[in-house]
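The lines below spell out each chain.
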Amino acid sequence: MNGSRGSHTRSEMEMKNGFRIPMFALLIPLIFSAVMGQWSPDSLQNLAICDLTGEQVLPKMVATSDGGCFITWFDSRSGSYSLYIQRLDSLGNELLAEDGMLVSDNPQQSWLVDYDLGVDSGDNAVVAFSDIRYTGDLDVTAYRIGSDGSFLWGADGICLSDTSSEWFEPAPRVAVTAMDNSVVCWGRSSGDDHELVFQKISSAGDKIWGDNGIIWTSGDSDLSGPAAVPAGQDSVVAMWKSSTGNFPAQVTHLYTQKLDVSGDMAWGDTYILIYDGGAITPWNEPELISDGQGGAVYSWYDAPSLSDFNVWVQRMDASGTMLFPMNGAQASTNSSDRLHMNPSAAYYPSGDMTFAFWVETNDNQDMFGVCGQRFSSTGEREWGDSGIQLVPMGSGQVSFVRTMDQGGGLYVGYLIGSAGSALRAIRLGYDGAVEWGPVTLSAASLGGKDDLVDCSGQGGSAVYSWTDYRNDYGVYAQNVNSDGSLGPSTGLEEETGRLTVTLEPARPNPFAGHTEISFIISDDGPVRLSVYDMTGRLVMELADEAMQKGRHTVRLHAGELAPGVYLYRLGCGGMEAAGSCLLLD
């Protein structure tokens, strides 16, 4: 939808520094929903993405370029599981339908398997999941949902499975390349056959790697649990498990390979073994992240015995060189009444630093904490042989540790508690010094939580979403700013080089006759401050001229504007920040 020229009758807006700014309108393609939420400053409230009758579970989340995010989840509000999606702007406002937009209500099992969500450079979501619409067994379908909620690959998505024969095909994973092609990978099994499938889909919805994708097998080994991340312009790095023996006493190794633009192996003509210890449990899903340089970072834990759980990390560069020792760099060698499990990794390219944070328990697994380690470019431990203890050992059970490199530091989020669980976050520098935290983002008194996911937010913030049990089953979300505060910050700040722009909330808000919007720029530059209604239509320009550095305040007169919610957007020096205000009747 395109915005139209502003219809407001006032031709000028007052500025408190004594001069007046002429009004004019521009055509800008923006789409906004009429339903508003916003990040909560209260850890006892949080932002409800959807909390209706039935279950809302298994959220996935991915950041958009405007500082917002997409969130997907499975939802049984209608009796059986369907997939829903919501898009939030940087302030936590809903941009799609209230309680989410239905993606698929095709037949689904009464139980769920994992799935995945990605985003392309145009802020279009790509989601791949399994259901039983085709053969009565699990098959894989992918959808591309536009930034405005449109179905870019059709109302029923694209079937990726070979439905001419029956395979069990759960838990697909998605990697969107820099060319906006989507690589989806998954494992499939039938009888004694356990294979991997890779398919690349163009932005137009064409299958690039054949009708049924590229199939990888491995003789007597069972291949499972694949993951993929983008690597370079149009390649991906993949990781998977290879197992022999009978469940659950399997011997499991880890392999990797890079698929080039055509789907051929880029790191030689064989699978690359990165772990041959054999002690990865069937319920352990190793993590794979991109290093942003054409390579990847791998993290996992193994369990050679019930009293020996260890965290390992590996790096492969863009050419396929193994940078850490074979079988990985061990995160902690402290084996004195300590088990190390469920790691989450991050990579800081400028310092060539790799980080891992994990759940630490005692041998009885009735005491829990969070520890972390930094690795050099060759895998040496740089925070001591035991790492650093971020959360001291205590009786509150710790789960879902999530690590993110964001805004010049590291966020570590986690769930802690037993009967009820709290969501907490810590921010630390690359040197391991804690900048703040633990900060509670969602209180334990609200009830249990599960399935924690995270993504980056605007201005160096982090965003978390989870399954929440405060009202049975719902999906909630919460942001945390780079200073440890929750909700809209007192100043919405963006920084590039030496230029800093801070946009303050409108005051008063809600308002009747007028409200004032203040902002601070750290250097001279062109400034535009625009107001839009909830259809995305530009209704007034409050400022459009070069300004000197310092604090400025603009008065927004209601005039003939209709009551409702309005968005204001500040642009300066290539940066943008946004806010919202409510005009009362």
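Residues numbered from 1 in each chain as written. Predicted model: local features only at pLDDT ≥ 70, side-chain atom pairs only at ≥ 80, totals over all residues. Heavy atoms only, no water.

### Topic: the side chain of D116
What counts, and what does not: In DSSP terms, a helix is any run of H or I states spanning at least four residues, a strand is any run of E spanning at least two, and both are numbered starting from the N terminus. Accessible area is worked out with a 1.4 Å probe on protein chains only. A residue is then buried under 20% of its type maximum, exposed over 50%, and partly exposed in between. Polar contacts, as counted here, are pairs of nitrogen or oxygen atoms within 3.5 Å of one another; within protein the pair requires one atom able to donate a hydrogen and one able to accept it, and residues that are adjacent in sequence qualify only if both atoms are side-chain atoms. Here a residue-residue contact requires only that any non-hydrogen atoms of the pair lie within 4.5 Å.
Positionally, D116 belongs in strand β8 (residues 116-119). Owing to a relative accessible area of 14%, D116 belongs among the buried residues under this scheme. Of note is the side chain of D116, whose polar atom sits 2.8 Å from the backbone nitrogen of V174. Ignoring sequence-local partners within four residues, the contact set of D116 consists of V126, V127, A128, P172, R173 and V174.

### Focus on the pattern of salt bridges
We count it as follows: Any Lys or Arg side-chain nitrogen found within 4 Å of a carboxyl oxygen on Asp or Glu counts as a salt bridge.
In the structure shown here, the tally under the stated rule is 23 salt bridges. R144 is paired through a salt bridge with D120; the nearest N and O atoms lie 2.8 Å apart. One end of the pair, R144, is in strand β10 (residues 139-145); the other, D120, is in the loop between β8 and β9 (125-131), with 24 residues separating them in the sequence. We classify R144 as buried; its relative accessible area is 11%. In this structure, R555 and E516 form a salt bridge, with 2.8 Å as the shortest nitrogen-oxygen distance. In this pair, R555 is assigned in strand β40 (residues 550-557) and E516 in strand β37 (residues 514-521), connecting sequence segments 39 residues apart. Look at R555 and you get partly exposed, because its relative accessible area is 22%. Residue classification places E516 among the buried positions, given a relative accessible area of 18%. Through salt bridges that share partners, D66, R87 and D123 make up one connected network.

### Some details on the state of the cysteines
What counts is decided by this rule: Two cysteine sulfur atoms make up a disulfide if the distance between them is within 2.5 Å.
Scanning the model with the defined rule gives zero disulfides in all. Considering cysteine sulfurs only, C185 is the nearest to C159, which forms no disulfide, with 16 Å between them.

### Some points on the sheet that holds strand β7 (residues 101-104)
To keep things clear, this is the line we draw: Pairing between two strands is assigned when DSSP locates at least 2 bridges connecting them. Interaxial angle, 0 to 180 degrees, is taken between N-to-C directions of lines fitted to C-alpha atoms, where a helix line uses only the stretch in contact.
Taken in spatial order, the four strands make up an open sheet running β4-β5-β6-β7, and their pairing is antiparallel. Of all strands in the sheet, those with a lone pairing partner are β4 (56-63) and β7, marking the two edges. Taken pair by pair, the neighbouring strands of this sheet meet at an average axis angle of 30°, ignoring direction. Judged from the six bridges that link them, β4 and strand β5 (residues 69-75) form a sheet pairing that is antiparallel.

### Observations regarding the nonpolar core
Within soluble globular proteins, side chains that are nonpolar tend to cluster in buried spots. Where we set the bar: Buried residues of nine kinds, namely Ala, Val, Leu, Ile, Met, Phe, Trp, Tyr and Cys, make up a nonpolar core once their side-chain atoms join them within 4.5 Å.
Within the largest apolar cluster, 38 residues are counted, with the highest numbers of intra-cluster contacts made by F357, V370, L390, V398, V401, Y414 and L428. Tallying contributions element by element places strand β25 (residues 353-361) first for this core, with six residues. Beyond its immediate sequence surroundings of up to four residues, F357 is in contact with N342, P343, S344, C371, G372, W383, L390, V401, T403, L410, V412 and L428. Of all hydrophobic cores here, the second largest spans 27 residues; its members include F511, I521, L542 and V554.

### Things to note about the environment of A142
Looking at the secondary structure, you find A142 in strand β10. For the pair formed by A142 and A318, sequence separation is 176 residues and the distance between their alpha carbons is 28 Å. Contacts of A142, omitting those with residues within four sequence positions, involve V127, A128, W153, G157, I158, L160 and I201.

### Notes on unusual backbone geometry
In this chain, G437 is followed by P438 through a cis amide linkage whose omega measures 5°. Mapped onto the elements, P438 comes out in strand β31 (residues 434-442). The phi angle at D99 is positive, at roughly 70°, despite the residue not being glycine. Checked against the element boundaries, D99 lands in the loop between β6 (82-88) and β7. Residue classification places D99 among the partly exposed residues on the basis of a relative accessible area of 21%. At F400, a position not held by glycine, the phi torsion is positive, near 50°. Turning to its location among the elements, F400 is positioned in strand β28 (residues 398-405).

### Some points on the packing of aromatic side chains
Inclusion rule: Under the pairing criterion, centres of Phe, Tyr and Trp rings, with the six-membered ring standing for Trp, must be within 6.5 Å; the plane angle then separates stacked pairs below 30 degrees from edge-to-face pairs above 60, leaving the rest tilted. Here, a charge over a ring means that NZ of Lys or CZ of Arg falls within 6 Å of the ring centre while also lying within 35 degrees of the ring normal.
Summed over all chains, the structure comprises 21 aromatic pairs. With a centroid separation of 6.3 Å and an interplanar angle of 15°, the aromatic rings of W240 and Y255 are classed as stacked. Here W240 is found in strand β17 (residues 235-244), whereas its partner Y255 is found in strand β18 (residues 251-259), with 15 residues between them in sequence. Y255 carries the same exposure label as W240, and that label is buried. Counting every residue linked through ring pairs, the aromatic cluster contains F74, Y115, F129, Y143 and F151. Lying over the aromatic face of Y84, R77 brings its terminal NZ or CZ to 3.8 Å of the ring centre. It is R470 that lies over the ring of Y476; its NZ or CZ is 3.9 Å from the centre.

### Observations regarding the environment of G79
Within the secondary structure, G79 sits in the loop between β5 and β6. Under the relative-accessibility criterion, G79 is labelled exposed at 66%. Expressed as a C-alpha distance, the spacing of G79 and E55, which sit 24 residues apart in the sequence, is 9.2 Å.

### Topic: the pairing of strand β39 (residues 538-547)
Burial runs high along β39: seven of the ten residues are buried. As defined by bridge partners, strand β38 (residues 525-532) adjoins β39 across eight bridges and the pair is classed as antiparallel. If you follow G525 over to β39, its bridge partner there is M547. The turn linking β38 back onto β39 is made up of five residues, and G536 within it adopts a positive phi angle of 90°.

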